[in-house]
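Overview (structure and organization)
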2 protein chains.
Amino acid sequence: MLLHSLCALNDGAVNSLEEISALIERRNSEIAFDIKTVPFSRLDNWIIDENGSLKHSSGKFFSVEGIEVEMDYRMPLRWTQPIVNQCEIGYLGIIATELNGVLHFLMQMKVEPGNINHVQVSPTLQATRSNFRQAHHGRKPFYLDYFENASPREIIVDQLQSESGSYFLRKRNRNIVIMVDGGVKVHEDFCWMTAGQVKALMQLNNKVNMEARSVFSLLNPRRLALPFRGAHKLSSFGKSLLLPARTDHSVHSMDNLLSWITGIKARCDLTVRPCPINKMTDWRITEDEIVHRDNKYFKILGIKVSIASREVASWCQPVIKPVQNYLCAFVIKEFHGVPHFIVQAKPECGNYDVVELAPTVQCLTGNDEKSTLNVPFFDYVRNAPPALILHDTLQSEEGGRFYHAQNRYMLVMADESFPTEIPEGYAWMSLRQVYTFLRFTNFVNIEARSLIASLPYTPMNSQT
Amino acid sequence: MLLHSLCALNDGAVNSLEEISALIERRNSEIAFDIKTVPFSRLDNWIIDENGSLKHSSGKFFSVEGIEVEMDYRMPLRWTQPIVNQCEIGYLGIIATELNGVLHFLMQMKVEPGNINHVQVSPTLQATRSNFRQAHHGRKPFYLDYFENASPREIIVDQLQSESGSYFLRKRNRNIVIMVDGGVKVHEDFCWMTAGQVKALMQLNNKVNMEARSVFSLLNPRRLALPFRGAHKLSSFGKSLLLPARTDHSVHSMDNLLSWITGIKARCDLTVRPCPINKMTDWRITEDEIVHRDNKYFKILGIKVSIASREVASWCQPVIKPVQNYLCAFVIKEFHGVPHFIVQAKPECGNYDVVELAPTVQCLTGNDEKSTLNVPFFDYVRNAPPALILHDTLQSEEGGRFYHAQNRYMLVMADESFPTEIPEGYAWMSLRQVYTFLRFTNFVNIEARSLIASLPYTPMNSQT
């Protein structure tokens, strides 16, 4: 396997970035869709059971259920909330191949009902099991057979990774990248892109969907890109990501980091019990929505969707509509020339294993300023001068479950006076260490993965 | 840290193996204890709730609850069973130190009510959180402070690892080994042993308890024992375990193995729901026991225990009494001079993450010969000639929850004609790969860990 370049923008790329951007815009303008909110009682094929849960009449897809959470981490907390229960594991799959000597990824221009701008760049295959076993009697998803029949030799990434633990109960997807030898038919709405191009689109707001960001976070460029050409084109930060590390200097050893996580999991009590939605004291249920009594966090709404390019033309479903948005940010600092990230061990009620590794800052904003007062590093991130900001975008959450959800994602360099000592529950990790945790499933949360995916290979402030 | 030898039997050891064996025997004969079975209604401090669950009146320790399991792996299965629910994470901790230039471990001669022979060699600290937070108003466990206050520098192993997923619901313990500089007071019933001595005791029946085997499985000798002296004393098999691998030749890459596990987790449906014990159709409840209608698997009994050397003198509790025993065996074969184990991806209802890596054979025997007919490698293992058997012992399961449970553990070399191709759901793994999975929590089950722990450093058929 000869991978000459991962960061090609246009040099050797099948489609230029300008062509791809134009394609996204054109699909956005062409696509015929219609989305309106409807009362729960008029959600076709969805039933409200005796607990107030919203379930599909087939018993498949997903349900919205109530849970009661007891969490004892820094302080004991207890609350109730609705949560999306979707236990089955679906595919987030990308087909890769070498074209013109450059690694290309087959990306889909996919419409999702909740996307703020309708069309976003998505994995080749994005399908729940109900979906690909055709529970909705639609057509079989394109390219499914490639993944179902992939040989071990073709698979270059294959991991179960989580979705947001605040909204989903132990949900995981199979993130998979396969390398095929060519001869892949490109269907309408699909397009070959280089990693550099996808990364470039991630530097813009809402162009690359959560699922694609999740899969791209797992592509460790150091393991893919050797031998590596064109390093002279990279920013020094990009070089430190892509070139083999000259040293193994990490602030902490992997054993120490594993022990740190073990200690937190052992101390953090998290109990999640079913609780009927119609008995949740913290939430109000109306004909149209399930809403927090203080109008915080998020709402559950019902929508009716009609999209021309989807497997089925029209359907109803519940969605999560955020009331508050998140700020997700990594603070990055070099130690011995190796960039390190402040990683947070964060418990969330839907986590598969109590805590996952989260960005330095991951907190709700915008409803109650007091709630961010005691969030470590929040003020540092929000007040960082432009020269220290590597990345600052709005990105969408899963458009199949969230309605118009966009959160702010940032990468911020530490300044000269930034403390080396950080609070308990936070640790400095090199990128190599983050990639090691990524390989072993259920360690790194989707917000952190989204930021890892957005790490640029190429300079951000100038064109080369 | 200078670790000259891990495999010392008597050379440099504080206590000789003969002294240690005599100590175990003496404690066994001295200890005053009394165990009798009692009806559930007479289990002091235990209540039977409206579902028939057995719970401690404090709400702590553990409970015996009913579950309904749906598992779809090779074929769809559905059953009900009682299971032990003990969500809190306890310590299995061992203190290590260097004495006479040899690494020593502080082991406890611990009585557990269910042990078939009462006293077994146990970790320094073995305590659930209810236990060490003194829910039973007894004395604080010895050496707890060492673990509560350990610095990252002192911690050499620190992992959450599972207990048997057929009997315990998502139970995990914090397996931890700390290296201290000396000055440790040796209380009565505690004794310094070398790794070689503990390993030698594991070659005998029922001398080393499940908890100690679990912790010892995590001590990768290659990472501990460098520089390593005395290799000339080792069996060639011992050398291949302890000396740095000359090659990285594994049959499969780690990426392929991770993908193999991901694929099985994605395909295997496992749903576990609460089911009232008194409504389980597969089980009969009497005054004295909860028993399978075909008298298979195991029973739940109540016992009343009085032991002089424990924190409290007398208590009642439910226990699991096996009706059938397990055969657990690894088949081992060298590829390119590197020993490889056939590892099975095995779903069990109480597993934290659907499947864990299990021994080549892990199956119930003795009740129904037909049930083992289609178990891959069962006949090979049972009929292996002595020359191919590296290890064959009876080992006890956790004596605090199981009553007189001993299973057969074997390590068997593949013969000349053993197939390289093995069924789906099985994979060849080098020991280095097994140790990598062990570091990342929840990958390797207790039966496999027990066998890994028993891997001998020294020749088994001759004294050196």
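Residues numbered from 1 in each chain as written. Chains lettered and ligands numbered in written order. Predicted model: local features only at pLDDT ≥ 70, side-chain atom pairs only at ≥ 80, totals over all residues. Heavy atoms only, no water.

Looking now at the overall build of chain A. The number of helices and strands found in chain A is 11 helices and 24 strands. Taken over 464 residues, chain A has a buried fraction of 63%. In chain A, the proportion of contacts linking residues at least 24 apart, taken out of those at least 6 apart, comes to 71%. Looking at chain A as shown, the accessible area adds up to about 18,300 Å², and 49% of this sits on carbon and sulfur atoms. (Helix = DSSP H or I, 4+ residues; strand = E, 2+ residues; numbered from the N terminus. Buried < 20%, exposed > 50% of the residue type's maximum accessible area, 1.4 Å probe, protein only. Contact = heavy atoms within 4.5 Å. Areas by Shrake-Rupley, 256 points an atom, 1.4 Å probe, with all protein chains shown as cover.)

A separate point is the pairing of strand E12 (residues 190-194) of chain A. Remember that side chains alternate between the two faces of the sheet whenever the strand is regular. The buried count for E12 of chain A comes to 5 of 5 residues, which makes it a mostly enclosed element. Residues Phe-190, Trp-192 and Thr-194 of chain A of E12 of chain A are buried on one face, and the alternating residues Cys-191 and Met-193 of chain A, pointing to the opposite face, are buried as well.

So, on to the packing of helix H5 (residues 210-217) of chain B against helix H11 (residues 446-454) of chain B. Residues and elements named next belong to chain B. Between H5 and H11, the shortest axis-to-axis distance is 8 Å and the interhelical angle comes to 70°. Here H5 lies roughly perpendicular to H11, going by the angle between them. Between H5 and H11, the residues in contact are Met-210, Arg-213, Ser-214, Phe-216 and Ser-217 and Ile-446, Arg-449, Ser-450, Ile-452 and Ala-453, respectively. Within the contact of H5 with H11, the residues separate by chemical class into 5 nonpolar, 3 polar and 2 charged. (Axes fitted to C-alpha atoms, helices over the stretch in contact; angles between N-to-C directions. Parallel < 35°, antiparallel > 145°, perpendicular 65-115°, else oblique. Nonpolar A, V, L, I, M, F, W, Y, C, P; charged D, E, K, R; others polar.)

This paragraph deals with helix H1 (residues 17-30) of chain B. Residues and elements named next belong to chain B. Taking 1.5 Å of rise per residue, the 14 residues of H1 would be expected to cover 20 Å, and the 20 Å separating its terminal C-alpha atoms lies within 8% of that figure. Among the residues of H1, those classed as buried are Leu-17, Ile-20, Leu-23, Ile-24, Arg-27 and Asn-28. Each buried residue of H1 sits inside an arc of 130° when the element is viewed along its axis, so together they form one side. Exposed and facing more than 90 degrees away from the buried side of H1 are Glu-18 and Ser-29. Those residues of H1 hidden inside the fold are in contact with strand E7 (102-111), strand E8 (119-122), strand E12 (190-194) and helix H4 (195-202). (Expected span 1.5 Å × (residues − 1). Arc of directions from axis to C-beta.)

Low pLDDT marks regions whose predicted coordinates should not be analysed in detail. Residues and elements named next belong to chain A. In the predicted model, chain A carries a mean pLDDT of 89, and 89% of its residues have values of at least 70. Summarising per-element confidence for chain A, the mean pLDDT is lowest in helix H7 (residues 236-242) (64) and highest in strand E20 (residues 355-358) (98). When the criterion is pLDDT under 50, residues 226-232 qualifies, and its contacts beyond four places in sequence or with other chains add up to 13 contacts. Confidence over residues 459-464 falls short of pLDDT 50; this stretch has 7 contacts with residues more than four positions distant or in other chains. Scoring of the predicted complex yields 0.93 for pTM and 0.92 for ipTM. (pLDDT = per-residue confidence, 0-100.)

What follows deals with the pairing of strand E19 (residues 338-347) of chain A. Residues and elements named next belong to chain A. Across the 10 residues of E19, 10 count as buried, placing the element largely inside the fold. Residue alternation in E19 divides its side chains into two sets, Val-338, His-340, Ile-342, Gln-344 and Lys-346 and Pro-339, Phe-341, Val-343, Ala-345 and Pro-347, and both sets are buried. As defined by bridge partners, strand E18 (residues 325-335) adjoins E19 across 4 bridges and the pair is classed as antiparallel. Looking at the pairing, Phe-335 lines up with Val-338 of E19. (Pairing = 2+ DSSP bridges.)

Turning our attention to empty space enclosed by the protein. A full pass over the atoms with the stated rule returns 9 cavities of 30 Å³ or more. Here the largest cavity defines a volume of roughly 140 Å³. Taken together, 14 residues form the lining of the largest cavity, with Thr-441 and Asn-442 of chain A together with Asp-353, Thr-441 and Asn-442 of chain B sitting closest to its centre. Of the residues in the lining of the largest cavity, the class split is 6 nonpolar, 4 polar and 4 charged. The computed volume of the second largest cavity comes to approximately 60 Å³. Forming the walls of the second largest cavity are Leu-258, Ile-261, Thr-262, Lys-265 and Phe-443 of chain A together with Asp-158, Gln-159, Leu-160, Arg-439 and Thr-441 of chain B. Mapped by element, the contributors of at least two residues to the lining of the second largest cavity are helix H8 (254-267) of chain A together with strand E10 (155-162) of chain B. Ranked by residue count, the leading element in the lining of the second largest cavity is H8 of chain A, at 4 residues. Looking at the lining of the second largest cavity, its residues break down into 4 nonpolar, 3 polar and 3 charged. (1 Å grid on protein atoms, 1.4 Å probe; cavity = no way out; pocket = protein on both sides within 12 Å on 5 of 7 lines; lining within 4 Å. Points joined across faces, edges and corners; volume = space filled by probe spheres on them.)

So, about the nonpolar core. Residues Phe-105, Phe-216 and Phe-437 of chain A together with Phe-105, Phe-216 and Phe-437 of chain B are the most contacted members of the largest nonpolar core, which totals 240 residues. The contact partners of Phe-105 of chain A, leaving out residues within four places of it in the chain, are Ile-94, Ile-95, Ala-96, Val-177, Cys-191, Trp-192, Met-193, Thr-194, Ala-195, Phe-216 and Leu-219 of chain A. (Core = buried A, V, L, I, M, F, W, Y, C linked by side-chain atoms within 4.5 Å.)

All names here are of chain A. All told, the structure shown has 41 aromatic pairs over all chains when counted by the stated rule. Note on Trp-46 and Phe-62: the rings are 5.0 Å apart at their centroids and 55° apart in plane angle, and the pair reads as tilted. Residue Trp-46 is located in strand E2 (residues 46-48), and its partner Phe-62 is located in the loop between strand E3 (54-56) and strand E4 (63-72); the two are separated by 16 residues in the primary sequence. Chaining the aromatic ring pairs together yields one cluster made of Phe-335, Phe-377, Tyr-380, Phe-418, Tyr-426 and Trp-428. Over the face of the ring belonging to Phe-335 we find Lys-333, whose NZ or CZ atom lies 5.8 Å from the ring centre. (Phe/Tyr/Trp six-rings, centres within 6.5 Å; stacked < 30°, edge-to-face > 60°. Lys NZ or Arg CZ within 6 Å of the ring centre and 35° of its normal.)

Expressed as a screw operation, the relation of chain A to chain B combines 0.0 Å of axial shift with a rotation of 180°, fitting to an RMSD of 0.0 Å. What the superposition gives is, in effect, a two-fold axis relating one chain to the other. Ranked by how close their C-alpha atoms come to the rotation axis, the residues of chain A are headed by Phe-440 of chain A, at 3.5 Å. Interface overlap between copies: 100% of the residues of chain A at the interface are likewise at the interface in chain B, consistent with a symmetric, same-surface contact. (Least-squares fit on C-alpha atoms with pLDDT ≥ 70 in both.)

Attention shifts here to the environment of Asn-295 of chain B. Tracing the sequence through the fold places Asn-295 of chain B in the loop between strand E15 (289-292) and strand E16 (298-307). Sequence separation of Asn-295 of chain B and Val-323 of chain B is 28 residues, and the distance between their C-alpha atoms is 7.1 Å.

Attention now moves to the interface of chain A and chain B. Each partner contributes to the interface: chain A provides 31 residues, whereas chain B provides 32 residues. Of the roughly 2,700 Å² buried between chain A and chain B on both sides combined, carbon and sulfur atoms contribute 47%. At the surface where chain A touches chain B, the tally comes to 6 salt bridges. Close ionic contact of Arg-439 of chain A with Asp-255 of chain B constitutes a salt bridge, the shortest N to O distance being 2.9 Å. For the pair chain A and chain B, the number of links is 14 residue pairs in polar contact (both at pLDDT 80 or more). Elements supplying a minimum of two residues to the side of chain A that touches chain B: strand E10 (155-162), strand E11 (172-179), H8 and helix H10 (431-439) of chain A. Of the residues forming the side of chain A that touches chain B, the biggest block, 9 residues, is contributed by H8 of chain A. Classifying every residue of the side of chain A that touches chain B by side-chain character gives 12 nonpolar, 8 polar and 11 charged. (Buried area = accessible area lost by both parts, 1.4 Å probe. Salt bridge = Lys/Arg side-chain N within 4 Å of Asp/Glu carboxyl O. Polar contact = N/O pair within 3.5 Å; in protein donor to acceptor, adjacent residues only side chain to side chain.)

Following the sequence through the fold, Lys-265 of chain B ends up in helix H8 (residues 254-267). Leave out the neighbours within four places in its chain, and Lys-265 of chain B touches Ile-89, Leu-160 and Arg-172 of chain A together with Asp-353, Val-354, Val-355 and Phe-443 of chain B.

Attention now goes to unusual backbone geometry. Phi angles above zero are rare outside glycine, and Tyr-143 of chain B is one such case at about 70°. As for its placement among the helices and strands, Tyr-143 of chain B is situated in the loop between helix H2 (129-132) and helix H3 (144-148).

This brings us to H11 of chain B. Of all 9 residues making up H11 of chain B, 9 are buried, and the element is well covered by its neighbours. Among the residues of H11 of chain B, Ile-446, Glu-447, Ala-448, Arg-449, Ser-450, Leu-451, Ile-452, Ala-453 and Ser-454 of chain B are the ones counted as buried.

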